Amino acid sequence: MATAHLTVDRAEKFRIVCGILDRHGYRPSGLIPILQAIQREYQYLPEEVLTFVATSLDLPPARVFGVATFYAHFALEQKGKHVIRICDGTACHVKQSLPILNAIHGELGTSEKQKTSIDALFTVETVACLGACGLAPVVVVDEQVYGGMTPERAVALVNEIKMQEIAGDAQAAAAAVNGELHVH
Ligand code: FES
C-alpha cells in the first residue's frame, strides 16, 4: 500500500518535472531556472531527475550535475520536512549561536554529519550571515525568521513543531477512519 502511494507520488512528480521542462521550452539555456523549479517541487535535486533533465535538454549529464553542485542553493540530498537554519555569521556567532545549534542537535539527534533527523522531519544547517544582524542570534525555520534566539527557545520551537506534526498526523488518521466509516 505504502509502496503504491510512493509510486503514484513519484509518477506525479515526474509529470510535474515534464511540465517544468515544457514551460521552459526544453531550452538548455533555461537549465538554472528549471533546476530551481524542480528543487521547489522536491526540496532537493534527486539524481534520477538530474539525469532525466540532461537527457531531455540534450545536455551531457556532467554539465547538469556540474551546475547543480556549483551553486550552494541547490541541494543534492533529500532534506527533512522542516529546514532549520542557524546563522553562524560573525554577529550571531558572537551572540552565542553555537549553543543554540548544539541544543537543537541534542534535541533532534542530529549532528554536523547527520543533518537530517531519523524521522526525516528536520534538517539542521548552519548558514553565513542572513543579513539580519540586528536580530542576532538568528534562526530561520522554513521561511520564518526568529531573532534573539536562545537555546531554550530553540528547543521549545522544535518541540512545538513536533507537536503540530503529531496533531496533524492524528487529524489525518481520524479523517481516514471517518472516510472509511462513511464508505461502509
Ligand atoms: S551574522 Fe547572523 S544575521 Fe548577520
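Calculation rules
Residues numbered from 1 in each chain as written. Predicted model: local features only at pLDDT ≥ 70, side-chain atom pairs only at ≥ 80, totals over all residues. Pairing = 2+ DSSP bridges. Helix = DSSP H or I, 4+ residues; strand = E, 2+ residues; numbered from the N terminus. Axes fitted to C-alpha atoms, helices over the stretch in contact; angles between N-to-C directions. Contact = placed C-beta atoms within 7 Å. Parallel < 35°, antiparallel > 145°, perpendicular 65-115°, else oblique. Left-handed = near helix turned anticlockwise from the far one by under 90°. Nonpolar A, V, L, I, M, F, W, Y, C, P; charged D, E, K, R; others polar. Buried ≥ 20, exposed ≤ 12 C-beta atoms within 10 Å, placed from the backbone.

Draft legend 1. How the structure looks around the sheet that holds strand S1 (residues 82-87). If you walk across this open sheet you meet the four strands as S2-S1-S3-S4, and the pairing is mixed. Looking at which strands have only one partner, the edges of the open sheet turn out to be strand S2 (122-127) and strand S4 (144-146). Adjacent strand axes in the sheet meet at a mean angle of 20°, parallel and antiparallel pairs treated alike. Both S1 and S2 contribute to a ladder of six bridges, which runs parallel. Looking at the pairing, His-82 lines up with Phe-122 of S2. Lying over the sheet, helix H6 (residues 97-108) contacts S1, S2 and strand S3 (139-141), oriented at roughly 155° with respect to S1.

Draft legend 2. Structural context of the packing of helix H2 (residues 31-42) against helix H4 (residues 61-70). One way to put it is that H2 packs onto H4 with a least axis distance of 11 Å and a crossing angle of 65°. When the axes of H2 and H4 are compared, the pair comes out roughly perpendicular. In terms of crossing hand, the pair formed by H2 and H4 is right-handed. Residue-level contacts link Leu-31, Ile-32 and Leu-35 of H2 to Val-64, Val-67 and Ala-68 of H4. Tallied by class, residues from the contact of H2 with H4 come to six nonpolar, no polar and no charged.

Draft legend 3. Focus on unusual backbone geometry. Omega for the peptide link from Ala-136 to Pro-137 comes to 0°, which places this bond in the cis form. Note on placement: Pro-137 falls in the loop between S2 and S3. The phi torsion at Gln-43 lies on the positive side, around 75°, for a residue other than glycine. A count of 14 C-beta atoms within 10 Å places Gln-43 in the partly exposed class. Backbone geometry places Ala-120, a non-glycine residue, at a positive phi of 60°. If you trace the backbone, Ala-120 turns up in the loop between H6 and S2. Of the residues examined, Ala-120 has 12 C-beta atoms within 10 Å and is grouped as exposed.

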